Amino acid sequence: MPPFSAQEFSRTMARLGPFERAPHVAVAVSGGRDSMALCLLAHVWARAAGGSVTALTVDHRLRAESAREADRVRSWLAAYGIAHEILVWEAPKPAAGVQAAAREARYRLMRDWCGRHGVLHLLTAHHREDQAETVLLRLQRNSGLDGLAGMSAVMEYSEVRLLRPLLDVPRGRLETFLTERGQDWIDDPSNTDPAYARTRLRSVMKDGGAEKLSAGNLTALAGRCAQARVVLEHDAAVLLARCCSLDPAGFARLDVTALRRAADEISLRALARVIRCIGGRAFAPRLDRLEAVHAALKEKRLGNGRTLGHCRLTIKNDLLSVFREARNLPEPVALRPGRSVLWDNRFVVEASAGAVAAARERLMLSSLGEAGWRDLMCERPVLRERRLPAPARAALPAFYDGTGVAFVPQMGFLREDLAAFGPDFGQARFNPRNALGDRGFVGFILQV
């Protein structure tokens, strides 16, 4: 195959913009052929725009040689003048679902790094064969149109935009690009381990010529489904703009009449977006469960409410309220001065240096819960007049020290012995990772 050229890459990036002047982009680099090619292409593109690249390598500590491999990547990239950071997954490794946990940790570490360093764009090297495997995997799982649209070329998070500029580039063209430059790469043995579903799917595609299961045909299917998904997502966004409001206390309200009048496919998507936003989960609920709740809502059978996707849904006077469930909330975490925490994927929380110093014992962040609410009522009964719904109260972020509840920003509560700090004690802003109005799905066939 001919190599994928810097000129083609530049045209692709133009479609994923806009970018700031002199862009500083991060690139996920494992050391494999795909990510090495992406990093070198991005380096040429960024330098031409007066910008720069920082390569991010995550050492999962899952294999004994992982640290040596990360160092080898650093030495390769140093020869090109590319900055390189190694991020280590220090947490205990799960006994099952290691690949999924490692993937989540990898993206979390890279997003956090980008957020801390003000880097707006993170590039990953998913290519045509990766997209085809994704579509085939979702086809096996009986996914709907959204699943068959494959991976989005753009995903927006509160910290960074995730870009996949190689989604329609065959892997062979990336390998040729590296070979012509004499650049080596690392082969991860897990990529050929038949214990993993993706590895088995690769063999199906290699042997599936008669069944037309080629990467090109599968990505073409993804492209057609993506076009339909983009239209439907736009209509769902218009519906939400008309019928949904978000409360700073971390919950949503929707006009049920507007939902019922909309086409099922549109209102179903709108409901999924709200649940994903408030529940904070990476993906929407399973389609069968979502459809069951959606049908109950449209047919006025919701009753006393339902739970779905870490959310509790209640309805009163044709107004649907979507609250974060008061379970599976984050474990208490110590607050550090000047350090932001994205709590429960909903609130960006910070404590001032003075607040941490004034705390009796450590200043911790946790959910308010019913016990915390009772403490607030004992100290300041007037807060009851705010009439915040009980399900919303329980899932609020709260600051605790050795004495008890110290600060609940959404309730305007600061304990009396800390009142001298006023608004300088800290803050918690409702800024959900899964925004209602994000850019949405971006899928296209680049035809390079």
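Everything below is about the structure shown above.
Presented here is a report on the structure given in the accompanying data block. (Residues numbered from 1 in each chain as written. Predicted model: local features only at pLDDT ≥ 70, side-chain atom pairs only at ≥ 80, totals over all residues. Heavy atoms only, no water.)

This brings us to the sheet that holds strand β4 (residues 121-123). Strand order in the open sheet formed by six strands is β3-β2-β1-β4-β6-β5, and the pairing between neighbours is mixed. The sheet is open, and its two edges are formed by β3 (83-88) and β5 (154-156), each paired on a single side. In this sheet, neighbouring strand axes are inclined to one another by 25 degrees on average, regardless of whether the strands run parallel or antiparallel. In the sheet, β4 pairs with strand β6 (residues 161-163) via three bridges, with the strands oriented parallel. Residue pairing in the sheet places Leu123 in a bridge with Leu163 of β6. (Pairing = 2+ DSSP bridges. Helix = DSSP H or I, 4+ residues; strand = E, 2+ residues; numbered from the N terminus. Axes fitted to C-alpha atoms, helices over the stretch in contact; angles between N-to-C directions.)

What follows covers helix α2 (residues 33-48). Here α2 contains 16 residues, and its C-alpha end-to-end distance of 23 Å stays within 8% of the 22 Å for a straight helix at 1.5 Å per residue. Most of α2 is tucked away: 13 of the 16 residues are buried. Backbone geometry just downstream of α2 places Gly50 in the positive-phi region, at approximately 75 degrees. (Expected span 1.5 Å × (residues − 1). Buried < 20%, exposed > 50% of the residue type's maximum accessible area, 1.4 Å probe, protein only.)

Here the focus is the pattern of salt bridges. One pass over the full model with this rule turns up 25 salt bridges. Note that Arg173 and Glu8 form a salt bridge whose closest N and O atoms lie 2.9 Å from each other. Residue Arg173 is located in helix α7 (residues 171-181), and its partner Glu8 is located in helix α1 (residues 6-16); the two are separated by 165 residues in the primary sequence. Of the two residues, Arg173 and Glu8, both sit in the buried class. Put simply, Glu159 and Arg111 hold a salt bridge, and the shortest N to O gap is 3.9 Å. (Salt bridge = Lys/Arg side-chain N within 4 Å of Asp/Glu carboxyl O.)

Relative to the elements of secondary structure, Glu65 occurs in the loop between β2 (52-59) and α3 (66-78). Residue class for Glu65 comes out partly exposed when judged on its relative accessible area of 27%. Of the polar contacts made by the side chain of Glu65, one reaches the side chain of Arg63; its length is 2.8 Å. (Polar contact = N/O pair within 3.5 Å; in protein donor to acceptor, adjacent residues only side chain to side chain.)

The five strands are arranged β7-β8-β11-β10-β9 in an open sheet whose pairing can be described as antiparallel. If you trace the sheet from one side to the other, it starts and ends with β7 (244-247) and β9 (306-308), each paired once. Geometrically, the sheet is characterised by an average inter-axis angle of 25 degrees between neighbouring strands, direction not taken into account. Note: β9 against strand β10 (residues 311-316), three bridges, orientation antiparallel. Looking across to β10, one finds that Arg306 is bridged to Leu313. This element, helix α11 (residues 264-279), spans β7, β8 (251-255), β9, β10 and β11 (319-324) of the sheet and lies at about 35 degrees to β11. (Contact = heavy atoms within 4.5 Å.)

Relative to the elements of secondary structure, His127 occurs in the loop between β4 and α5 (128-140). On the basis of relative accessibility, which here comes to 1%, the residue His127 falls in the buried class. Ignoring any residue separated from it by four or fewer positions in sequence, one finds His127 in contact with Asp34, Leu166, Leu167, Val169, Arg171 and Leu174.

We now examine the packing of aromatic side chains. Where two aromatic rings form a pair, the distance of their centres and the angle of their planes describe that pair. Per the stated rule, a full pass over the model turns up eight aromatic pairs. Considering the side-chain rings of Phe19 and Trp45, the 5.0 Å spacing of their centres and the 70 degrees angle between planes classify their relative orientation as edge-to-face. Here Phe19, found in the loop between α1 and β1 (24-28), pairs with Trp45, found in helix α2; they are 26 residues apart in sequence, far enough to count as distant. Aromatic pair Phe399 and Phe425: ring centres 6.1 Å apart, planes at 50 degrees, arrangement tilted. Residue Phe399 is found in strand β16 (residues 397-401), and its partner Phe425 is found in the loop between β18 (413-414) and β19 (426-430); the two are separated by 26 residues along the sequence. The burial state of Phe399 is the same as that of Phe425; both residues are buried. One aromatic cluster is present, built from ring pairs that chain together Phe399, Phe407, Phe421 and Phe425. In this structure, Lys93 is placed above the aromatic ring of Trp89, and the distance from its NZ or CZ to the ring centre is 4.6 Å. It is Arg161 that lies over the ring of Phe19; its NZ or CZ is 6.0 Å from the centre. (Phe/Tyr/Trp six-rings, centres within 6.5 Å; stacked < 30°, edge-to-face > 60°. Lys NZ or Arg CZ within 6 Å of the ring centre and 35° of its normal.)

This brings us to the packing of helix α9 (residues 215-243) against α11. The N-to-C vectors of α9 and α11 enclose an angle of 70 degrees; their axes lie 8 Å apart at closest approach. Classified by the angle their axes make, α9 and α11 are roughly perpendicular. Counting all contacts with α9, which are made through Arg229, Leu232, Glu233, Asp235, Ala236, Ala237, Leu239 and Leu240, the residues of α11 involved are Glu265, Ile266, Ser267, Arg269, Ala270, Arg273 and Val274. (Parallel < 35°, antiparallel > 145°, perpendicular 65-115°, else oblique.)

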